[in-house]
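Structural features, examined
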Amino acid sequence: MGKYYFHATTRNHLRNFNKTLGFALFFERHERQLRAWYLCKKLKITEQELDDIELGRGTLKLNLLKKLLNFYGKRIDLRLVTPAEDETDKAISGEFSDPLYDSFEDLEEMVEN
């Protein structure tokens, strides 16, 4: 997968993340020339669920993300970058303050509750 960038037009950082991740998953599916119906049948998910995650709609379903990543043989890497000197931080204080120390399954429970 090549490098790509999502230019955010909203201040909702979580939504921007979901859209960027969704685009990456959409790109991966198209690179492999997989039809949506085939992937859904293979993973036993609905086409609506696939659309939602690829378009960054709604709440990110971690169990669905896990299925897709396993199928593609991929993982998610996050990295910290140094912003440009003239770039201002638009993040809301405390928006991502809860640390995540547990497993993927524990994170799913936290999101669902």
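Remember, predicted model here, so these are calculated numbers, not experimental data.

**Let's talk about the overall build of the protein chain**
- Within the protein chain one finds five helices and zero strands.
- When its helices and strands are written in sequence order, the protein chain yields α-α-α-α-α.
- Long-range pairs, those at least 24 residues apart, make up 61% of the contacts in the protein chain with a sequence separation of at least 6.
- About 9,200 Å² of surface is accessible on the protein chain, with carbon and sulfur atoms providing 51% of the total.

**Focus: the nonpolar core**
- Core analysis: the biggest nonpolar cluster contains 16 residues, and Leu25, Leu39, Leu50, Ile53, Leu65 and Leu68 have the highest contact counts within it.
- Of all the elements in the fold, those that place two or more residues in this core are helix H1 (13-31), helix H2 (36-43), helix H3 (47-55) and helix H4 (62-72).
- Here Leu39 is in contact with Arg29, Leu34, Leu50, Leu68, Phe71 and Tyr72, once residues within four sequence places are set aside.

**What about the confidence of the model for the protein chain?**
- Confidence along the protein chain averages 78 in pLDDT terms, with 68% of residues attaining 70 or more.
- The spread of mean pLDDT over the elements of the protein chain runs between helix H5 (residues 104-112), the lowest at 57, and H2, the highest at 96.
- Contacts of residues 95-101 to residues separated by more than four positions or lying in other chains number six contacts, the stretch itself having pLDDT below 50.

**What to know about the packing of aromatic side chains**
- Evaluation of the coordinates by the stated rule reveals three aromatic pairs.
- With 5.7 Å between their ring centres and 70° between their planes, Phe71 and Tyr72 make a pair best called edge-to-face.
- Accessibility expressed as a relative area gives 28% for Phe71, which makes it partly exposed.
- Since its relative accessible area comes to 4%, Tyr72 is described here as buried.

**As for the packing of H1 against H4**
- It is the contact of H1 with H4, at a shortest axis distance of 12 Å, that shows an interaxial angle of 35°. Judged by the twist between their axes, the crossing of H1 over H4 is left-handed. Counted together, Leu21, Leu25, Glu28 and Arg29 of H1 and Leu65, Leu68, Leu69 and Tyr72 of H4 form the full contact between these two elements.
- Here the contact of H1 with H4 is composed, by residue class, of six nonpolar, no polar and two charged.

**Description of the pattern of salt bridges**
- Per the stated rule, a full pass over the model turns up five salt bridges.
- One salt bridge connects Glu49 with Lys61, and the closest N-O pair in it is separated by 3.7 Å. Within this pair, whereas Glu49 is found in helix H3, its partner Lys61 is found in the loop between H3 and H4, the two being separated by twelve residues in sequence.
- Judged by relative accessible area, Glu49 falls into the partly exposed class, the value being 23%.

How each quantity is defined
- Residues numbered from 1 in each chain as written.
- Predicted model: local features only at pLDDT ≥ 70, side-chain atom pairs only at ≥ 80, totals over all residues.
- Heavy atoms only, no water.
- Helix = DSSP H or I, 4+ residues; strand = E, 2+ residues; numbered from the N terminus.
- Contact = heavy atoms within 4.5 Å.
- Areas by Shrake-Rupley, 256 points an atom, 1.4 Å probe, with all protein chains shown as cover.
- Core = buried A, V, L, I, M, F, W, Y, C linked by side-chain atoms within 4.5 Å.
- Buried < 20%, exposed > 50% of the residue type's maximum accessible area, 1.4 Å probe, protein only.
- pLDDT = per-residue confidence, 0-100.
- Phe/Tyr/Trp six-rings, centres within 6.5 Å; stacked < 30°, edge-to-face > 60°.
- Axes fitted to C-alpha atoms, helices over the stretch in contact; angles between N-to-C directions.
- Left-handed = near helix turned anticlockwise from the far one by under 90°.
- Nonpolar A, V, L, I, M, F, W, Y, C, P; charged D, E, K, R; others polar.
- Salt bridge = Lys/Arg side-chain N within 4 Å of Asp/Glu carboxyl O.

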